[in-house]
Amino acid sequence: MTARPLALVTGGSSGIGLELALQFARNGYDVAISGSSAQVFDAARTIEAQGAAAYPHRADASQSEGVESFWQFVLALGRKVEIAALNVGIGLGGAFVDTDLKDDLRVIAINITGTVHMAKNVARHMVANGEGRILITSSVSATMPTPYETVYGPSKAFGFMFAESLREELREKNVSVTAFLPGTTNSRFHKNAGMGTSAIDKGPKNDKTVVARQAFEALMNDEDHVVGGDEATRQMVRDNRVTPEPVKAARHARLTRLQP
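No experiment lies behind these values; they were computed from the predicted model shown. (Residues numbered from 1 in each chain as written. Predicted model: local features only at pLDDT ≥ 70, side-chain atom pairs only at ≥ 80, totals over all residues. Heavy atoms only, no water.)

> Would you mind going over the overall build of the chain with me for this structure?
A count of helical and extended segments in the chain gives 10 helices and seven strands. Based on the C-alpha atoms only, the size of the chain along its principal axes is roughly 55 × 40 × 30 Å. Buried positions account for 51% of the 260 residues belonging to the chain. A gap of 3 Å separates the mean positions of the 28 positive and 28 negative side-chain charges of the chain. (Helix = DSSP H or I, 4+ residues; strand = E, 2+ residues; numbered from the N terminus. Buried < 20%, exposed > 50% of the residue type's maximum accessible area, 1.4 Å probe, protein only. Lys, Arg positive; Asp, Glu negative; His and termini not counted. Charge placed at Lys NZ, Arg CZ, Asp CG, Glu CD.)

Below, the structure is given as structure tokens:
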């Protein structure tokens, strides 16, 4: 059996999730990853190229059965989970009156319900083992209203406060929790959310590898949260603390409104 510690990454097939998995692999961890498509197996091969063992599992994170099947898959490895990156999340662009209710509810199912479900398993596992680190991927969107991503932003605000709350509860259990708030990155996130015609998808983006490294370093340094991105991204979050909500909402709408 490998002597390397084990990290878990939900939504590890592509984008920031895969970059997080690669950060763990490069820093001495084996990695178990989940994904909703066969791409998760390609991602595992990319991770293995870093000299780590990779354990891919395909499951639908919008379903309780899918979340639990990944956890049971990880438990079956017979290894202690040292790090859990609860990263899986989806976006949905468009005016709220135009989006399909089932798609709105799927955002909630993955970004909120699924995160809570996996966090319950992971937190109990780590408390029983007397140690562990949890990373919960939120978003810069958690710090402002997000018109034309009307359900996504609030779902990420939940993730931010959930992470901060859980951190305080687990602080004396030797289990750390870090909230990760990436800004816009060079992944397919906005295109996958149906936002390919929006200004935000055409604008400047942070490098996902750099952003993942920032998250890894913050996690290992036991920081309560980290903003992923360049100085302009971090300044936006600082400004958001003092900017009125209607002003932030109007600014965000200009970036996210879909164009014909």
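> Explain the pattern of salt bridges to me, please; I cannot follow it from the model alone.
Under the counting rule described, the total for this entry stands at 13 salt bridges. With a shortest N-O distance of 3.0 Å, arginine 4 and aspartate 30 are connected by a salt bridge. Of this pair, arginine 4 sits in the segment before β1 (6-10) while aspartate 30 sits in strand β2 (residues 30-35), placing them 26 residues apart in sequence. Classification of aspartate 30 by relative accessible area gives buried; the value is 1%. Ionic pairing is found between lysine 248 and glutamate 245, a salt bridge with its closest N-O pair at 3.0 Å. Of this pair, lysine 248 and glutamate 245 are both found in helix α10 (residues 245-256), three residues apart, which corresponds to roughly one turn of the helix. (Salt bridge = Lys/Arg side-chain N within 4 Å of Asp/Glu carboxyl O.)

> Help me understand the pairing of strand β4 (residues 81-86) in this model?
Regular strands place their side chains on alternate faces of the sheet. Within β4, five of the six residues are buried, which leaves it mostly tucked inside the rest of the structure. Direction of pairing for β1 relative to β4: parallel, over a ladder of five bridges. Looking at the pairing, threonine 10 lines up with leucine 86 of β4. Where β4 and strand β5 (residues 132-137) come together, four bridges link them in parallel fashion. Looking at β5, one finds that alanine 84 is bridged to isoleucine 134. The parallel pair β4 and β5 is bridged by helix α4 (residues 101-129), and the resulting crossover is right-handed. (Pairing = 2+ DSSP bridges. Right-handed = clockwise from strand over helix to strand, strands pointing away.)

> Could you clarify how one ought to interpret unusual backbone geometry in this entry?
Leave glycine aside and you will find that most residues have negative phi; peptide bonds, for their part, are mostly trans. Phi is positive for tyrosine 148, close to 70°, though the residue is something other than glycine. With respect to the helices and strands, tyrosine 148 occurs in the loop between β5 and α5 (152-170). Here the phi dihedral of aspartate 222 falls at roughly 60°; this positive angle occurs in a residue that is not glycine. Mapped onto the elements of the fold, aspartate 222 is located in the loop between α8 (208-220) and β7 (225-228).

> I tried to follow the sheet that holds β2 on my own but got confused; where do I start?
The pairing of strands in a sheet comes from backbone hydrogen bonds and takes either a parallel or an antiparallel form. Strand order in this open sheet of seven strands is β3-β2-β1-β4-β5-β6-β7, and the pairing throughout is parallel. Two strands bound the open sheet, and with one partner strand each, they are β3 (54-58) and β7. Direction aside, neighbouring strands of the sheet carry axes that sit 15° apart on average. Packed on one face of the sheet, α4 meets β1, β4, β5 and β6 (175-182) and runs near 165° to β4. Each of β5, β6 and β7 touches α5; the most contacted strand, β6, lies at about 160° to it. (Axes fitted to C-alpha atoms, helices over the stretch in contact; angles between N-to-C directions. Contact = heavy atoms within 4.5 Å.)

> Would you explain the packing of helix α1 (residues 15-26) against α8 in this entry?
Between two packed helices, both the angle of their axes relative to each other and the distance between the axes serve to describe the pair. Between α1 and α8, whose axes approach to 9 Å, the crossing angle comes to 55°. When the axis of α1 is compared with that of α8, the two are oblique. For the pair α1 and α8, the sense of crossing is right-handed. Contacts from Gly15, Ile16, Glu19, Leu20, Gln23, Phe24 and Arg26 in α1 reach Lys208, Thr209, Val211, Ala212, Arg213, Ala215, Phe216 and Leu219 in α8. Of the residues belonging to the contact of α1 with α8, the class tally is eight nonpolar, three polar and four charged. (Parallel < 35°, antiparallel > 145°, perpendicular 65-115°, else oblique. Left-handed = near helix turned anticlockwise from the far one by under 90°. Nonpolar A, V, L, I, M, F, W, Y, C, P; charged D, E, K, R; others polar.)

> What exactly am I supposed to notice about the pairing of β3 here?
Two strands pair when backbone bridges link them, and β2 and β3 are joined in this way by five bridges, in the parallel orientation. Residue valine 31 lies in a different strand from β3, and its bridge partner there is alanine 54. A crossover links β2 with its parallel partner β3, the connecting element being helix α2 (residues 39-48), and its sense is right-handed.

> Sorry if this is basic, but what is going on with α1 here?
Think of an α-helix as turning once every 3.6 residues; residues three or four places apart then point the same way. Here α1 contains 12 residues, and its C-alpha end-to-end distance of 17 Å stays within 8% of the 16 Å for a straight helix at 1.5 Å per residue. When you tally the buried positions in α1, you get 11 out of 12 residues, the bulk of the element. Among the residues of α1, those classed as buried are Gly15, Ile16, Gly17, Leu18, Glu19, Leu20, Ala21, Leu22, Gln23, Phe24 and Ala25. Two residues or fewer past α1, glycine 28 is found with a positive phi of approximately 100°. (Expected span 1.5 Å × (residues − 1).)

> Sorry, what's going on with the environment of glycine 130 here?
Within the element layout of this structure, glycine 130 appears in the loop between α4 and β5. By relative accessible area, which is 32% here, glycine 130 ends up partly exposed. Excluding anything up to four places from it in sequence, glycine 130 contacts Lys173 and Asn174.

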